[in-house]
Amino acid sequence: MNIQSLTYTLYKPNAKNSGSACSFRLSNERDCVFLNMIAQSSWSDETKRGGFKENKENPNKSLSCKLNIDELGGILATLNTFIEWSAFHSFKDDKTQLSMKKWDRSSANKPDALSFGVTKNGSIKIGTYFEQKEIECLKVFCAEAIKEIMWNSGKKEEWSMEDIDDEFLYPE
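Please read all numbers here as calculations on a predicted model, not as lab measurements.

Definitions and cut-offs
Position labels on residues start from 1 in each chain and follow its written sequence. Totals for whole chains, interfaces and linings use all residues, but because this is a predicted model, local features are given only for residues with pLDDT of at least 70 and pairs of side-chain atoms are given and counted only at 80 or more. Only hydrogens and water are set aside; all other atoms, that is, all heavy atoms of the structure, feed into the side-chain values. Where helices and strands are cited, they refer to DSSP runs of H or I of at least four residues and of E of at least two residues respectively, numbered from the N terminus. Contacts between residues were defined by any pair of non-hydrogen atoms, one from each residue, lying within 4.5 Å. What counts as a salt bridge is simple: a side-chain nitrogen of Lys or Arg found within 4 Å of a carboxyl oxygen of Asp or Glu. Planes of paired rings set the category: under 30 degrees apart is stacked, over 60 is edge-to-face and the rest tilted, where pairs are Phe, Tyr or Trp rings (Trp by its six-membered ring) whose centres lie within 6.5 Å. A 1.4 Å probe rolled over the protein chains alone gives each residue an accessible area, and that area as a share of the maximum for its type sets the label: buried under 20%, exposed over 50%, partly exposed in between. Whether a charge sits over a ring depends on NZ of Lys or CZ of Arg being within 6 Å of the ring centre and within 35 degrees of the ring normal.

K.L.:
Just checking my understanding: could you explain the side chain of Thr128 for this structure?
P.N.:
Tracing the sequence through the fold places Thr128 in strand β10 (residues 124-130). Every residue in contact with Thr128, bar those within four places of it in the chain, is listed here: Lys12, Ser20, Cys22, Met37, Leu114, Ser115 and Phe116.

K.L.:
I would appreciate a short explanation of the pattern of salt bridges in the present structure.
P.N.:
Summed over the entire model, instances satisfying the criterion amount to seven salt bridges. Here Lys120 makes a salt bridge to Asp94, at a shortest N to O gap of 3.9 Å. Within this pair, whereas Lys120 is found in strand β9 (residues 113-120), its partner Asp94 is found in strand β8 (residues 94-103), the two being separated by 26 residues in sequence. A salt bridge links Lys102 to Asp112; the nearest nitrogen and oxygen atoms lie 3.3 Å apart. Within this pair, whereas Lys102 is found in strand β8, its partner Asp112 is found in the loop between β8 and β9, the two being separated by 10 residues in sequence.

K.L.:
Help me out: how do you make sense of the packing of aromatic side chains in this one?
P.N.:
Working definition: an aromatic ring pair is given by the centre-to-centre distance plus the angle between the planes. Tallying each qualifying case throughout the model produces six aromatic pairs. Ring plane angle 75° and centroid distance 5.3 Å describe the contact between Trp103 and Tyr129, whose orientation is recorded as edge-to-face. Of this pair, Trp103 sits in strand β8 while Tyr129 sits in strand β10, and the two are 26 residues apart along the sequence. With a relative accessible area of 29%, Tyr129 lands in the partly exposed category. Residues Phe116 and Phe130 carry aromatic rings whose centres are separated by 5.8 Å and whose planes lie at 35° to one another, so their mutual orientation is tilted. Residue Phe116 is located in strand β9, and its partner Phe130 is located in strand β10; the two are separated by 14 residues in the primary sequence. Sitting above the plane of the Tyr129 ring, Lys12 keeps its charged end 3.8 Å from the centroid.

Okay, structure coming up:
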């Protein structure tokens, strides 16, 4: 399998101008998934469409981070079970928190969804939610990305269990 451009993108604009867009993109070169999020910048009542372009270069309205294979596994577990998942990244001066949790919508007579939020440096917060149809698509994306990362890392690192020191496997 060699997936060059595995991507899943969601646009969630709304009339309150509080929507967002997010994109998950597999990077075969880096063995990770890049997550990009951007806050909605405009809304047209006439066309009922939201805009995002104006916030593309605004560091207070957009963010990106790398998701490793374990984080993808955590997200996939949450997509399957609706059990809360969170992660924390620290890179240079940037601190990023990610979380995904169940959004109970039974009072609105709607199926449960998952809320997904990213906070960078405590002040930049961008969130979205995933409904059932999007959850199913994101499950496929995460599973395929995990497979591809495992495949690629196996090609790059030729090693066997014999290469691992017994002390590592059986510490005293």
